[in-house]
Each structure stands twice: as structure tokens, then as C-alpha cells.
Amino acid sequence: LSELRAEAVCLHRTEQVLRGRVADVDAFLRDLETRKGVRGYRDARARLEGAAAATAAADEDKARTLEEISEMVRDISTALRARKAELAPQIKKLRDVRAAYQALEAD
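Residues numbered from 1 in each chain as written. Predicted model: local features only at pLDDT ≥ 70, side-chain atom pairs only at ≥ 80, totals over all residues. Heavy atoms only, no water.

## Structural notes on the overall build of the protein chain
Across its full length, the protein chain holds two helices and zero strands. Relative to a compact globule of 107 residues, whose C-alpha radius of gyration would be 13 Å, the protein chain shows 37 Å and is clearly more extended. Its C-alpha atoms give the protein chain principal-axis dimensions of about 110 × 50 × 10 Å. Among the 107 residues that make up the protein chain, the fraction classed as buried is 1%. Of the charged side chains in the protein chain, 21 are positive and 20 negative, and the gap between their average positions amounts to 3 Å. (Helix = DSSP H or I, 4+ residues; strand = E, 2+ residues; numbered from the N terminus. Rg over C-alpha atoms; globule rule 2.2 N^0.38 Å. Buried < 20%, exposed > 50% of the residue type's maximum accessible area, 1.4 Å probe, protein only. Lys, Arg positive; Asp, Glu negative; His and termini not counted. Charge placed at Lys NZ, Arg CZ, Asp CG, Glu CD.)

## A word on the pattern of salt bridges
By the definition in use, this model includes nine salt bridges. Between D61 and R64 there is a salt bridge, with the nearest N and O atoms lying 3.0 Å from each other. A residue pair is termed a helical-turn pair when its members lie 3 or 4 positions apart in one helix, as D61 and R64 do in helix 2 (residues 41-106) at three residues. Salt bridges here are not isolated pairs; linked through shared partners, they connect D26, E33 and R42. (Salt bridge = Lys/Arg side-chain N within 4 Å of Asp/Glu carboxyl O.)

## Here we look at the environment of G40
Inspection of the secondary structure assignment puts G40 in the loop between helix 1 (2-36) and helix 2. We classify G40 as partly exposed; its relative accessible area is 24%. In the structure, G40 is positioned ten residues away from R30 in sequence and 7.4 Å away in space, judged by C-alpha atoms.

## Re helix 1
For helix 1, which comprises 35 residues, the first-to-last C-alpha distance of 50 Å matches the rise-based estimate of 51 Å (1.5 Å per residue) to within 8%. Trailing helix 1 by a residue or two, G37 shows a phi angle of about 85 degrees, which is positive. (Expected span 1.5 Å × (residues − 1).)

Below is the structure:
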């Protein structure tokens, strides 16, 4: 148990050291950006990557919506073809009756 406690203390201290180094590295990089004339590059890049991720998510949503709409169109087209096939004999019969009626009217 004491070994685990010692290890936990060691890990906690390592974490503190690394967090301190991150701050130092951030300060160093900001200073380097300023010296090289590209101040704010990392921030701009992070914003750009965030915008790219948001755009990718929006594109995925659009693709999903488009697929749903396409599926609806396919379903409607299938239903329409089925209804046309169902009504075709009745329409043919109606045309025959109209032709016969017009022939009677002409006489």
C-alpha cells in the first residue's frame, strides 16, 4: 500500500511538472510566432481546424438528409408506378367507352 502511495505521489508530481512545461512551451511558441511575424498562427490554425470539423459535421448531416429524401422519392415513385399499373385497365376501359359514346354522338 505504501508503494502505491509513493507511486501516486510520484505521478502527481510528474503531472505538475508536465503542466508547467506546457505553459512554458506555450509561452515559448507565442514568443517564437511573434519573432517570426506570424503572431496568432496556432490560434488561427486551431480555429480553422474547428471550422473544418464543423463543416464536416454539417456535410455529414446534409448527406444523411439527402439520402432520406432520396429514399422518400424512391418510395413515392414506386407507389406511383403501382397505382398507375392498377389504374391502367380502368383507363383503357374508359377510353373505349368514350370512343363508343363519341361514335354514337356522331350518328
